[in-house]
Amino acid sequence: MQFQSIAGQHAIKEQLVQMVQHNRLSHALLFLGKEGGGALQLAMAFAQFIVCEKGSGVQQKQAGPSLFGDPEPETKNTQPFTDSCGQCPACKKAAELIQPDIHFSYPVIPRKSGDKPLSTDYIQEWRQFVAKNPYGNVYDWLQFIDAENKQGNSTAHECNDIIRKLNLKSFESEYKILIMWMPEFLGKEGNKLLKLIEEPPPNTLFILVAQNEDLILPTILSRTQLVKIPLLSNQDVEAALELNEGVAPEKARQAAAVAEGNYREALQVLQHADDDWEAMLREWLNAVIKTGPLAQVKWIDEAAKLGREKQKQFLRYFIHLLEQA
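What you see is a predicted model, and the numbers here were worked out from it, not measured in a lab.

Looking now at empty space enclosed by the protein. Evaluated as defined, the whole model comprises one cavity of 30 Å³ or more. The space that makes up the largest cavity amounts to roughly 150 Å³. Every residue lining the largest cavity is counted, 18 residues in all, and those nearest its centre are Gly36, Ala39, Leu40, Trp181 and Gln211. Taken together, the elements giving at least two residues each to the lining of the largest cavity come down to helix 2 (39-51) and strand 4 (204-210). Broken down by element, the lining of the largest cavity gets its largest block of residues, three residues, from helix 2. When the residues that make up the lining of the largest cavity are grouped by side-chain class, the tally is eight nonpolar, eight polar and two charged.

Structure representation (structure tokens):
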């Protein structure tokens, strides 16, 4: 994934590129942003930028300084890049999530009772999920792997596997990178990673992608360099819908206004565009104000059958209506 393919976030893209070019990159980064802002996409594009054989220049040892702040040599790369090339073998593998030096960790569930699941057990599903639903949230991911009501988790077994992988030599790139999506799902077992994060092997980079810093272990939080990912502007969401989804300008503008910077929600709004939320709202208000308890119970039963996503879209429609009023 390249920076240019990600909606908006121009200031963050520039900040990440400058981290590399000016040797201000920590061993551990925390990409902190609300759902739908593109934090995971930025992390993947940044990892591709680092392993790119042409773009960032960090692969050419003789052409530039150390990525992690060692003294700069006298000769510098005279042709700075602001994105990965997208054409070299490393970029092509990174785009398909098969680059052997870019590892992923994410919440998973046991396939059967007694299993000790690892992220690598679900790597095929992960590649399909990112390709199909790049702005998806944890709920989308767990539904994608048929978790039903099971709680996703990142276990001590997963932490041990991360330690094992990152202590191996890199396969192709000069750098080893771990992208951990939703570190909020790390329990106290996450303390197993502290020594690795604080004193990693040479040329090892952690990128944690999170939504709520209050749910991350403080011991891990204190060892990371924070990169705040803001929500997208309505204009960025609107432009991305027109360019990526082929949505008509007026329809894109309406969806962007309801989504309020959350690209995932904008896609959900479009997906449920044919639902008659106005009629549903009218029935609800009539039941509350006029027709009484029997009508309220009937409305609740019908709303319960809609499923979580449609219920959320209805509430978003109602809130947006109140804001406009």
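This part takes up the packing of aromatic side chains. Aromatic ring pairs are reported here in terms of the distance separating the ring centres and the angle at which the planes meet. Under the definition given, this model contains twelve aromatic pairs. Seen from their ring centres, Trp126 and Trp141 are 5.3 Å apart, and the 90 degrees between their planes marks the pair as edge-to-face. Remark: Trp141 occurs in helix 5 (residues 138-144) and Trp126 occurs in helix 4 (residues 123-132); sequence separation between them is 15 residues. Note on Trp126: relative accessible area 0%, which makes it buried.

The next subject is the nonpolar core. Counting 68 residues, the largest nonpolar core has Phe31, Phe46, Trp126, Ile179 and Trp181 as the members making the most contacts within it. Among the elements that make up this core, the one with the highest residue count is helix 2 (eleven residues). Beyond its immediate sequence surroundings of up to four residues, Trp181 is in contact with Leu40, Ser105, Tyr106, Pro107, Trp126, Phe129, Gly136, Asn137, Val138, Trp141 and Val209. Among the nonpolar cores identified, the runner-up in size contains 19 residues, and Ala28, Met180, Leu194 and Phe206 belong to it.

As a further point, take the pattern of salt bridges. One pass over the full model with this rule turns up ten salt bridges. With a closest N to O distance of 3.0 Å, Arg264 and Glu265 form a salt bridge. The class for Arg264 is buried, based on a relative accessible area of 2%.

Structurally, the position occupied by Gln21 is in helix 1 (residues 10-21). A C-alpha to C-alpha distance of 8.9 Å links Gln21 and Phe81, two positions 60 residues apart in sequence.

Conventions adopted
Residues numbered from 1 in each chain as written. Predicted model: local features only at pLDDT ≥ 70, side-chain atom pairs only at ≥ 80, totals over all residues. Heavy atoms only, no water. 1 Å grid on protein atoms, 1.4 Å probe; cavity = no way out; pocket = protein on both sides within 12 Å on 5 of 7 lines; lining within 4 Å. Points joined across faces, edges and corners; volume = space filled by probe spheres on them. Helix = DSSP H or I, 4+ residues; strand = E, 2+ residues; numbered from the N terminus. Nonpolar A, V, L, I, M, F, W, Y, C, P; charged D, E, K, R; others polar. Phe/Tyr/Trp six-rings, centres within 6.5 Å; stacked < 30°, edge-to-face > 60°. Buried < 20%, exposed > 50% of the residue type's maximum accessible area, 1.4 Å probe, protein only. Core = buried A, V, L, I, M, F, W, Y, C linked by side-chain atoms within 4.5 Å. Contact = heavy atoms within 4.5 Å. Salt bridge = Lys/Arg side-chain N within 4 Å of Asp/Glu carboxyl O.

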